[in-house]
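Structural overview for review
Next come the chains, spelled out residue by residue.
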Amino acid sequence: MDFLKTVMLNKKIGATIRRVEDLNEAIHHPNIGTIFLLGADINVLPSIIKKIHADNKVLLVHLDMLEGAGKDRAGIHLLARMGLRGLVTTKPNLVKYARGEGMVVIQRLFVLDSESVKTGIKMASAVKPDAVEILPATVPQFVIQEMKDALGVPVLGGGLLRTEEDVRLAVSKGIDAVSTSLRHLWNMNF
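Looking at the overall build of the chain
Looking only at helices and strands, the chain has 9 helices and 10 strands in total. Taken over the C-alpha trace, the chain has a radius of gyration of 15 Å; the compact-globule value for 190 residues is 16 Å, and the two agree within 12%. Expressed along its principal axes, the backbone C-alpha trace of the chain runs to roughly 40 × 35 × 25 Å. Classification of the 190 residues of the chain by burial places 51% in the buried group. Long-range contacts, defined as pairs at least 24 residues apart, comprise 57% of the intrachain contacts of the chain with a sequence gap of at least 6. As presented, the chain carries roughly 8900 Å² of accessible surface, and 52% of it is formed by carbon and sulfur atoms. One finds the centroid of the 24 positive side-chain charges in the chain at a distance of 3 Å from the centroid of its 20 negative side-chain charges.

A look at the pattern of salt bridges
This model, assessed by the stated rule, comprises 9 salt bridges. Of the charged contacts, one joins Asp 64 and Lys 91 as a salt bridge, the two residues approaching to 3.7 Å between their closest N and O atoms. Pair noted here: Asp 64 is in the loop between β4 (58-62) and β5 (66-67) and Lys 91 is in the loop between β6 (86-89) and α5 (92-100), with a separation of 27 residues, a long-range link. Residue classification places Lys 91 among the partly exposed residues on the basis of a relative accessible area of 35%. The closest approach of N and O atoms between Arg 108 and Glu 133, which form a salt bridge, is 3.1 Å.

Some details on the environment of Lys 12
On the secondary structure map, Lys 12 appears in the loop between α1 (3-6) and β1 (13-17). The sequence separation of Lys 12 and Ile 134 amounts to 122 residues, and the corresponding C-alpha distance is 15 Å. The contact partners of Lys 12, leaving out residues within four places of it in the chain, are Val 171, Asp 176, Ala 177, Val 178 and Phe 190.

A short note on the sheet that holds β4
Spatial ordering of the closed barrel is given by β1-β2-β4-β6-β7-β8-β9-β10, a layout of 8 strands whose pairing is parallel. Going across the sheet, the axis of each strand differs from the next one's by a mean of 25 degrees, ignoring polarity. Both strand β2 (residues 34-37) and β4 contribute to a ladder of 4 bridges, which runs parallel. Across the sheet, Leu 37 pairs through a bridge with Val 61, a residue of β4. Sitting on the sheet, helix α3 (residues 45-54) is in contact with β2 and β4, with an inclination near 150 degrees to β4.

Comments concerning helix α4 (residues 73-82)
Taken as a whole, α4 has its buried residues at Gly 75, Ile 76 and Leu 79. Taken down its axis, α4 places every buried residue within 95 degrees of arc, on the same side. Turned more than 90 degrees off the buried face of α4, the exposed positions are Arg 73, Ala 74 and Arg 81. Tucked into the core, α4 has its buried residues touching α3, β5, β6 and α5. Gly 83 lies just past α4 and shows a positive phi near 105 degrees.

Some points on the nonpolar core
Counting 54 residues, the largest nonpolar core has Leu 59, Leu 79 and Met 147 as its most contacted members. Beyond its immediate stretch of four places on either side in the chain, Leu 59 contacts Ile 35, Leu 37, Leu 45, Ile 48, Ile 49, Ile 52, Leu 84 and Gly 86. Counting 13 residues, the second-largest nonpolar core is a separate cluster that includes Phe 3, Val 7, Val 58 and Leu 156.

What about α3?
Think of an α-helix as turning once every 3.6 residues; residues three or four places apart then point the same way. Buried residues of α3: Leu 45, Ile 48, Ile 49 and Ile 52, and no others. The arc enclosing the buried residues of α3, seen along the axis, measures out at 100 degrees, which places them on a common side. Those residues of α3 that are exposed and angled more than 90 degrees off the buried face are Lys 50 and Ala 54. Residues of α3 that are buried sit in contact with α2 (23-28), β2, β3 (40-41), β4, β5 and α4. Asn 56 sits one or two positions beyond α3 and adopts a positive phi of about 55 degrees.

How each quantity is defined
Residues numbered from 1 in each chain as written. Predicted model: local features only at pLDDT ≥ 70, side-chain atom pairs only at ≥ 80, totals over all residues. Heavy atoms only, no water. Helix = DSSP H or I, 4+ residues; strand = E, 2+ residues; numbered from the N terminus. Rg over C-alpha atoms; globule rule 2.2 N^0.38 Å. Buried < 20%, exposed > 50% of the residue type's maximum accessible area, 1.4 Å probe, protein only. Contact = heavy atoms within 4.5 Å. Areas by Shrake-Rupley, 256 points an atom, 1.4 Å probe, with all protein chains shown as cover. Lys, Arg positive; Asp, Glu negative; His and termini not counted. Charge placed at Lys NZ, Arg CZ, Asp CG, Glu CD. Salt bridge = Lys/Arg side-chain N within 4 Å of Asp/Glu carboxyl O. Pairing = 2+ DSSP bridges. Axes fitted to C-alpha atoms, helices over the stretch in contact; angles between N-to-C directions. Arc of directions from axis to C-beta. Core = buried A, V, L, I, M, F, W, Y, C linked by side-chain atoms within 4.5 Å.

So this is what it looks like as structure tokens:
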């Protein structure tokens, strides 16, 4: 699978949504193809999935922040039956379960120091996500390159991006795409 083409829809910016009320803005934004949903509840998820798919956008739900769904194999199976096609998680066991359900999975890694880079690579190598998202996106270039070399998957970045220059710098260091909640950054074109 060509992750950047089929999941990011050849765009460098994905919209991060923390509140369901803000979803319509991302759905109707002409520059946004991928929506990272960081806050929702299992009861509203089916209507969200239907709406986003109807608009030919890609939805990636951050499972660790989803209320009401079990953070286990059964919970992921339920989400797959609802029609959810993609997840973001920090938990390696959930990556395996979601991959088993045929979902696209991004493993989120927090990069705090050299040890967290090694640990992140080790975890992701074991479960084989479709991509990794590192936070913050402002890490040094060598970290991004180490991740790419070791994992062979796209590296996304999120967090601590405030300006267009921040995004350009992250991409110039090798970040393949970014997720951001800042609306003014959604307008960027690459």
